[in-house]
Amino acid sequence: MKVGTDAVLLGAWASLPQTGQVLDVGCGCGVISLMAAQRAPLAQVTGIDIHAPSVIQAKENAEHSPFSNVCFLEGDFLLEPFPTLFDTIISNPPYHTESLISPEAARAAARNAAFLSFPSFVRRASELLTGGGTLQVILPAAASAQFHGECASNLLSLVRITYVHTTKNKAPKRVLMEFVKGPSTVVEKNEIILQEDDGKRTKSYSSLCKDYYL
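Once a new chain begins, its residue numbering starts again from 1 and follows that chain's sequence as written. Confidence filtering applies because this is a predicted model: local features only for residues at pLDDT of at least 70, side-chain atom pairs given and counted only at 80 or more, and all residues used for totals across whole chains, interfaces and linings. Remark: hydrogens and water are excluded; side-chain values derive from all non-hydrogen atoms of the structure.

Asker: Account for the side chain of Thr-134, with residues named and values stated.
Answerer: Structurally, the position occupied by Thr-134 is in strand S5 (residues 129-140). Given the relative accessible area of 10%, Thr-134 is considered buried. Only 3.2 Å separates the side chain of Thr-134 from the side chain of Thr-88, close enough to count as a polar contact. We call two residues in contact when some of their heavy atoms are within 4.5 Å. In contact with Thr-134, other than residues within four places in its own chain, are Ser-15, Asp-87, Thr-88, Ile-89, Leu-129, Glu-178, Phe-179 and Val-180. Think of it this way: any DSSP run of H or I at least four residues long counts as a helix, any run of E at least two long counts as a strand, and we number them from the N terminus. In this scheme, a residue with accessible area under 20% of its type's maximum is buried, one over 50% is exposed, and one in between is partly exposed, where area comes from a 1.4 Å probe on protein chains only. As used in this structure description, the phrase polar contact means that two N or O atoms lie within 3.5 Å; if the pair is within protein, one of them must be able to donate a hydrogen and the other to accept it, and residues adjacent in sequence are counted only when both atoms belong to side chains.

Laid out in structure tokens, this is it:
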């Protein structure tokens, strides 16, 4: 999977612990993990992906980076016997629920929820989070209500949501969501617009991602 806007947005937006354990689920080539390692140099960041070539590429990217607090595992998130709980889990999870599967197996695995359903993903994430730990994801706006419902059923409370608009006149295409393990009644809501009418990045988007785009 190529580096895309979704990954960069989540990597820049996510709240990260200053120390502790961070897990990136479906890490692909490692962009979110490496951004987390850059932003939280005293935390330990682990990326996991079931797709072996992606993990190989992520490890190569880490070797060419200045960050020593990141590692990558090839494995199944649902089955991996992690030796620790995590303070933060971040993921750009699979979200295509249509019955048609991409003919390219690797891309289908990365983008089709048949390979990692929302219920399975959320249940496992809740099991692996410390009390007060956070789950942070980016999803299509149309999938956010379903995902929110699964989280609510697994003791995860929504505490922050950002609606992502391509331009100011368009409905949100993506939603960034942060959940905490445990009860919460306060939800911070905001939005970000990615492009001006002339196609250039908005000041807010540029400011959010200024440390990561060349």
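Asker: For the environment of Gly-133, give the residues involved together with the corresponding values.
Answerer: Mapped onto the fold, Gly-133 is located in strand S5. Take Gly-133: its relative accessible area is 2%, and that puts it in the buried class. Sequence separation of Gly-133 and Phe-86 is 47 residues, and the distance between their C-alpha atoms is 7.1 Å. Those residues in contact with Gly-133 that sit more than four places away from it in its chain are Asp-87, Phe-179, Val-180 and Lys-181.

Asker: How would you summarise unusual backbone geometry if you had to cite specific residues and measurements?
Answerer: One non-glycine residue, Leu-155, lies in the positive phi region at around 65 degrees. Tracing the backbone shows Leu-155 in the loop between helix H6 (144-152) and strand S6 (156-165).

Asker: Outline the sheet that holds strand S2 (residues 43-49), listing residues and values.
Answerer: In this description, strands pair whenever DSSP reports at least two bridges between them. Read from one edge of the open sheet, eight strands run S3-S2-S1-S4-S5-S7-S6-S8, paired in mixed fashion. A strand with exactly one partner marks an edge of an open sheet, and here the two such strands are strand S3 (70-74) and strand S8 (188-193). Mean inter-strand twist for the sheet, computed between neighbouring axes without regard to direction, equals 20 degrees. With four bridges joining them, strand S1 (residues 20-25) and strand S4 (residues 86-91) adopt parallel strand pairing. For Val-22, the partnering residue across the bridge sits in S4 and is Thr-88. An axis is simply a line fitted to the C-alpha atoms; with a helix, the fit covers only the stretch in contact. Between two such axes, the angle follows the N-to-C directions and lies from 0 to 180 degrees.

Asker: Describe the packing of aromatic side chains, listing the residues and the values that go with them.
Answerer: Two descriptors summarise a pair of aromatic rings, namely the distance from one centre to the other and the angle between the planes of the rings. Two rings belonging to Phe, Tyr or Trp (six-membered ring only in the last case) form a pair when the distance between their centres is within 6.5 Å. Interplanar angles under 30 degrees mark stacking, angles over 60 mark edge-to-face geometry, and anything in between is tilted. Under the counting rule described, the total for this entry stands at five aromatic pairs. Ring centres of Phe-77 and Phe-121 lie 5.6 Å apart, and the angle between their planes is 45 degrees; on these two criteria the pair is classed as tilted. Taken together, the positions of Phe-77 in the loop between S3 and S4 and Phe-121 in helix H5 (residues 118-128) put the pair 44 residues apart, joining distant regions of the chain. For the pair shown, Phe-77 and Phe-121 are each scored as buried. Judged by centre distance (5.3 Å) and plane angle (85 degrees), the rings of Phe-82 and Phe-86 are edge-to-face. Ring pairs connect the aromatic residues Phe-77, Phe-118, Phe-121, Phe-147 and Phe-179, which therefore count as one cluster.

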